[in-house]
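Residue-level structure breakdown
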Amino acid sequence: MKILVTGGTGFVGSHAIPELLAAGHGVRLLARSREKVEAVLGGRSLDVSDVVVGDMGDPAAVKRALEGCDAVLHAAAAVEIARGAEVVERNAAGLENVVGGAVAAGLDPVVCVSSIVALAPRGGRMTVDDPVSTPATGYARSKADGERRARALQAEGAPLVLVYPSAIYGPDDPGLGQVFKGLRDRLRYGWPVTTGGSSCVDVRDLARILAAVMEPGRGPRRYMAGGGFLTWAEEADLVEGLVGRRVRRVPAPPVVLRAVGHVVEALQRLVPSFDYPLTHEAAVLLTEAVPCDSDATVRELGLGFRPVEETLRDSIAWLVRAGHLEARWAPKLAPGAPHAP
C-alpha cells in the first residue's frame, strides 16, 4: 500500500517509517519542510523522496498529500503543553483535515496515534473502552476532543484504527519532547514520590504496532499500547541502578504537586523560554495514572513490550549522547562507561 504519514519527522513517525517500509509499503510524507525530512531521515538509508510540503492545518495541502494513497498514519500532533489554546486548535484542525479527509476519500485503514490522556479510567486499569476524559486545557484536551470525533467516525463504520500509547520513551528523538524533559529533570532535581506512577512504552515497540495494524478491510479498531507501569518510587529505584548513582526522592503529596504546576504555568506565561515540564495538567496526569491493559493488543498482534528497564536505559543513554543531559547525572551510561549501551 501507499501510506501517507504525518509527523514523519517526529519521534513516533520517524521510528514508524522504517517499520512500514520493511513491511513492503510505500511511504509519502506530509511535512512542513524538505530540509527537516532530510535532516531527520536522510541518514537512515530510507526512501523518503515522496514528500508533500505543507501543514496538517492546511486542507489544500492535506488533500494533495492524500491523492494516490491507500492508507494513512496520522502521527502528527502539537504537544507544547503550556500553549493550551494553540495546541487544541492545531490538533483539532489536523485530525479533521487528515483523518476526516482520509475517511471521506475512502482510504483504508486510517491509523491515528491517540494517547492514554484521552481516556478516563473507570477502575484500576485503563482500557480502550474507557470513557473519554474531560480535561480543561492543553494537550490532554486536544486529545480528548479528537477522541470524541474519532469515536463518532468509528460509530459510522469508518475504518479508523486508534492506538493509545502511554508516555513514549526510547532512543533517537529528533526533538526533546515533554516526556524526555521530565525524565531529564527528574535525574537532575529528584523524583516526586507521590500517588500514581508512570506507564511507559518504547517507541520501537509502538512503531511495530503501528505497522502491524496497517491492514485494510478490518473496520474500526482500538489498541492500547501501554507498555509497563512503575510507581514513582519504583521508577526511582530502577533508574538509580541504571545510572550508577543515588537519585534524590522528593515527597510530594498530590495537592502540593498540582499547586506547583499552577506556579510553573504562571511562570511560563511570564517567561516563554521557561520550559520546565511540570505544568498543572502534567501533575494531574502523573498523580492519577494507573496501569494500562494492553493484553488484547499482545494477543491479537502477537507483539510484546520490551522490559521497562531496557527502555529507560536506552532513553537515558540517548539523552547523554545527544547532549541533553550531562554525563555526571548518569555516569554508568555515559559514552565509554563499562555498562553503556
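So, how was this worked out
- Residues numbered from 1 in each chain as written.
- Predicted model: local features only at pLDDT ≥ 70, side-chain atom pairs only at ≥ 80, totals over all residues.
- Heavy atoms only, no water.
- pLDDT = per-residue confidence, 0-100.
- Helix = DSSP H or I, 4+ residues; strand = E, 2+ residues; numbered from the N terminus.
- Expected span 1.5 Å × (residues − 1).
- Buried < 20%, exposed > 50% of the residue type's maximum accessible area, 1.4 Å probe, protein only.
- Pairing = 2+ DSSP bridges.
- Axes fitted to C-alpha atoms, helices over the stretch in contact; angles between N-to-C directions.
- Polar contact = N/O pair within 3.5 Å; in protein donor to acceptor, adjacent residues only side chain to side chain.
- Contact = heavy atoms within 4.5 Å.
- Core = buried A, V, L, I, M, F, W, Y, C linked by side-chain atoms within 4.5 Å.
- Salt bridge = Lys/Arg side-chain N within 4 Å of Asp/Glu carboxyl O.
- Phe/Tyr/Trp six-rings, centres within 6.5 Å; stacked < 30°, edge-to-face > 60°.

A closer look at the confidence of the model for the protein
Taken over all residues, the pLDDT of the protein has a mean of 90, while the share at 70 or more is 94%. At the level of individual helices and strands, the protein shows its lowest average pLDDT in helix 4 (residues 84–104), which scores 79, and its highest in helix 7 (residues 203–212), which scores 98.

Considering helix 5 (residues 138–155)
For helix 5, spanning 18 residues, the distance from its first C-alpha to its last is 26 Å, which sits close to the expected 26 Å at 1.5 Å a residue. Once helix 5 ends, the next one or two residues include Gly157, with phi positive near 95 degrees.

Observations concerning unusual backbone geometry
In this structure, Pro109 follows Asp108 across a cis peptide bond, with omega equal to 0 degrees. Checked against the element boundaries, Pro109 lands in the loop between helix 4 and strand 5 (110–113). Here the phi dihedral of Asp172 falls at roughly 65 degrees; this positive angle occurs in a residue that is not glycine. Tracing the backbone shows Asp172 in the loop between strand 7 (167–169) and helix 6 (178–189). Judged by relative accessible area, Asp172 falls into the partly exposed class, the value being 37%.

Here we look at the sheet that holds strand 7
Pairing is mixed in the open sheet, where 3 strands are placed in the order 7-9-11. The sheet terminates laterally at strand 7 and strand 11 (228–230), the two strands that pair on one side only. Pairs of neighbouring strands in the sheet enclose a mean axial angle of 40 degrees, with direction left out of account. As paired elements, strand 7 and strand 9 (residues 198–202) share 3 bridges and run parallel to each other.

Let's talk about the side chain of Asp185
Counting through the fold element by element, Asp185 comes out in helix 6. Take Asp185: its relative accessible area is 5%, and that puts it in the buried class. In terms of polar contacts, Asp185 uses its side chain to reach the side chain of Arg184, at 2.8 Å.

Some words on the environment of Val239
By the element assignment, Val239 lies in helix 8 (residues 232–243). Here Val239 falls in the buried class, since its relative accessible area comes to 0%. Spatially, the C-alpha atoms of Val239 and Glu309 are 8.0 Å apart, while their sequence positions differ by 70 residues. When sequence neighbours within four positions are dropped, the list of residues in contact with Val239 reads Leu187, Trp191, Leu312 and Ile316.

A short note on the nonpolar core
Residues Leu73, Val163, Leu210 and Ile316 are the most contacted members of the largest nonpolar core, which totals 65 residues. Take this core: its biggest share by element is 7 residues, from helix 12 (residues 308–321). Not counting residues up to four positions away in its chain, the partners in contact with Ile316 are Leu183, Leu187, Val239, Val243, Leu325, Ala330 and Leu333. Core analysis: the next-biggest nonpolar cluster, separate from the first, contains 30 residues, Cys69, Leu119, Met126 and Ala150 among them.

Some remarks on the sheet that holds strand 1 (residues 2–6)
Pairing is parallel across the open sheet formed by 7 strands, whose spatial order is 3-2-1-4-5-6-10. Pairing within the sheet leaves two strands with one partner each, and these edge strands are strand 3 (51–53) and strand 10 (221–225). Between one strand axis and the next, the sheet turns by 15 degrees as a mean value, whatever way the strands run. Where strand 5 meets strand 6 (residues 160–165), 4 bridges bridge the pair, whose relative direction is parallel. Opposite Val113, over in strand 6, you have Val163 as the bridge partner. Sitting on the sheet, helix 3 (residues 59–66) touches strand 1, strand 2 (26–31), strand 3 and strand 4 (71–74), and the angle it makes with strand 2 is about 170 degrees. Contacts between helix 7 and the sheet are confined to strand 4, strand 5, strand 6 and strand 10, with strand 6 contributing the most and set at about 170 degrees to the helix.

Observations regarding the side chain of Asp130
With respect to the helices and strands, the residue Asp130 is situated in the loop between strand 5 and helix 5. Classification of Asp130 by relative accessible area gives buried; the value is 3%. In this structure the side chain of Asp130 is engaged in a polar contact, spanning 2.8 Å, whose partner is the backbone nitrogen of Thr127. Asp130 has contacts with Leu119, Ala120, Pro121, Arg122, Arg125 and Arg151, leaving out every residue within four places of it along the chain.

Quick look at the pattern of salt bridges
One pass over the full model with this rule turns up 26 salt bridges. A salt bridge links Asp130 to Arg122, with the shortest nitrogen-to-oxygen separation between them at 3.4 Å. Among the residues examined, Arg122 registers a relative accessible area of 62% and is labelled exposed. Several salt bridges share partner residues, and in doing so they unite Asp202, Arg204, Asp205, Arg208, Arg306, Glu310, Arg313 and Asp314 into one network.

Observations regarding the packing of aromatic side chains
Taken as a whole and judged by the stated rule, the model has 3 aromatic pairs. Look at Tyr169 and Phe180: their rings are 5.9 Å apart centre to centre, the planes differ by 85 degrees, and that puts the pair in the edge-to-face class. Of this pair, Tyr169 sits in strand 7 while Phe180 is found in helix 6, placing the two residues 11 residues apart along the sequence. Each member of the pair, Tyr169 as well as Phe180, carries the same accessibility label: buried. Pairing Phe180 with Trp318 gives two aromatic rings, centres 5.1 Å apart and planes at 55 degrees, and the pair type is tilted.

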